[in-house]
Amino acid sequence: MSSPTSSLPLTPIEEHARIHAHLMTLGFLALLPAGILVARYFRTFTRRWWFGHTLIQAIVSGPVIIAGFVYGYQSTQRLFTGGHWNDPHKKIGLALFILYLVQLVIGLSIHYFKPSPTFFKGRRPPQNYFHALFGLAIVALASYQVHYGMFIEWARSTGNLHPVAMGCKHFWLGCTTVFFGLYFIGVALFLRRQYRQEAVARDKTLNGNGAYGDGESGRGLTKQQKV
Ligand code: HEM
Ligand code: HEM
């Protein structure tokens, strides 16, 4: 948020809001997408993808997003803009925070409470699809939110003495396009392989030999089956 037009230092309130903006952008547009790409690119090669995914989504992103939320809330307390949750940025911000927490619970429940494959007649459990689509929707909404924050909220709330730097806007564009681009390349490259692995694993479970086809792919497969 440095400005080409103003050489004055940021006011304490601007500093506070800037920390909020940077933490939220880092959490929602860099860390969460990185955790998703770990899942998309590594899940058909190693079972440890789940550890990387959870580490980034919960342990690394969690503190960044919670701190960003607290800084945002405190920024609103300090600014005289009519209080909490009264404009689109503030409402979407609260919604995103709640959606993120809900997504953590869904992710953990997928991993720890697995229905028997017979329950869904040998098909992939719907909650696995849901978690993936919900995660992509969260990142898409966060991209809109960061854009709104940079192009509208910042100027409206701070008076725009120090406009948002062009570099921040380029960073937004870069994160959004690189993430969705890489994600769909990953889908094109690995989704069929993933479904094949999962189908074999589910089949083995249904036939009672102890493997488990849980939609997290590859469990109980031999090296030859993991093709
Ligand atoms: C995914 C990213 C973001 C989320 C989830 C988010 C969320 C929030 C939340 C929850 C608040 C407090 C609302 C309240 O207490 O009523 C807030 C305030 C604020 N945010 Fe964000 N924010 C994000 C990104 C940004 C960005 C990128 C900027 C600016 C570049 C920004 C600028 C602000 C400002 C200036 C306020 C104070 C608004 C006011 O009180 O008038 N935010 N945000
Ligand atoms: C404690 C936290 C989390 C756990 C334990 C967890 C667990 C999982 C599991 C078990 C899967 C496999 C589901 C499937 O079969 O497709 C998965 C995939 C996925 N997760 Fe999470 N997750 C967590 C947090 C998150 C968060 C916060 C997001 C995004 C906001 C997210 C986004 C995704 C996406 C997009 C996929 C699908 C990736 C792909 O295309 O393969 N996860 N996660």
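Quick caveat: nothing in here was measured; it's all calculated off a predicted structure.

1. Regarding the UniProt feature "transmembrane region" (unreviewed entry) in the protein chain
- Mapped onto the present numbering, the UniProt feature "transmembrane region" (unreviewed entry) falls at residues 20–42, 49–72, 92–113, 133–151 and 171–191.
- The span residues 49–72 carries 100% helix and 0% strand; its end-to-end C-alpha distance comes to 32 Å.
- Helix and strand shares over residues 133–151 are 100% and 0% respectively, and the end C-alpha atoms of the span are 27 Å apart.

2. Some thoughts on the site of ligand 1
- Around ligand 1 sit 30 residues in total, of which Gly72, Thr76, Thr81, Gly93 and Gly149 are the nearest.
- Put simply, the parts of the chain that give the shell around ligand 1 at least two residues each are helix H1 (12–42), helix H2 (49–78), helix H3 (88–112) and helix H4 (126–158).
- Sorting elements by how many residues they give to the shell around ligand 1 places H4 first, with nine residues.

3. Focus on H2
- In this model H2 runs 42 Å from its N-terminal to its C-terminal C-alpha over 30 residues, within 8% of the 44 Å that 1.5 Å per residue would give.
- Residues of H2 that are buried include every one of His53, Ile56, Gln57, Ser61, Ile65, Gly68, Tyr71, Gly72, Ser75 and Thr76, and no others.
- Buried residues along H2 sit against H1 and H3.

4. Brief notes about the packing of H1 against helix H5 (residues 166–206)
- It is at 10 Å that the axes of H1 and H5 come closest, and there the two elements cross at 10 degrees. Classified by the angle their axes make, H1 and H5 are roughly parallel. Listed contacts from H5 to Leu29, Ala30, Pro33, Ile36, Leu37, Arg40 and Tyr41 of H1 are Trp172, Cys175, Thr176, Phe179, Leu182, Tyr183, Gly186, Val187 and Phe190.
- For the contact of H1 with H5, the residue count by class is 13 nonpolar, two polar and one charged.

5. Overview of the nonpolar core
- Ranked by internal contacts, the top residues of the largest apolar core, which has 22 residues, are Met24, Phe28, Leu29, Leu96, Ala142, Val146 and Met150.
- Only H1, H2, H3, H4 and H5 provide two or more residues apiece to this core.
- Ranked by residues supplied to this core, first place goes to H1 with 10 residues.
- Apart from the residues lying within four places of it in its own chain, the contact partners of Met24 are Gly68, Gly72 and Val146.

What counts, and where the lines are drawn
- Residues numbered from 1 in each chain as written.
- Chains lettered and ligands numbered in written order.
- Predicted model: local features only at pLDDT ≥ 70, side-chain atom pairs only at ≥ 80, totals over all residues.
- UniProt positions renumbered as here; feature names shortened; annotations may be inferred.
- Helix = DSSP H or I, 4+ residues; strand = E, 2+ residues; numbered from the N terminus.
- Near = placed C-beta within 6 Å.
- Expected span 1.5 Å × (residues − 1).
- Buried ≥ 20, exposed ≤ 12 C-beta atoms within 10 Å, placed from the backbone.
- Contact = placed C-beta atoms within 7 Å.
- Axes fitted to C-alpha atoms, helices over the stretch in contact; angles between N-to-C directions.
- Parallel < 35°, antiparallel > 145°, perpendicular 65-115°, else oblique.
- Nonpolar A, V, L, I, M, F, W, Y, C, P; charged D, E, K, R; others polar.
- Core = buried A, V, L, I, M, F, W, Y, C linked by C-beta atoms within 7 Å.

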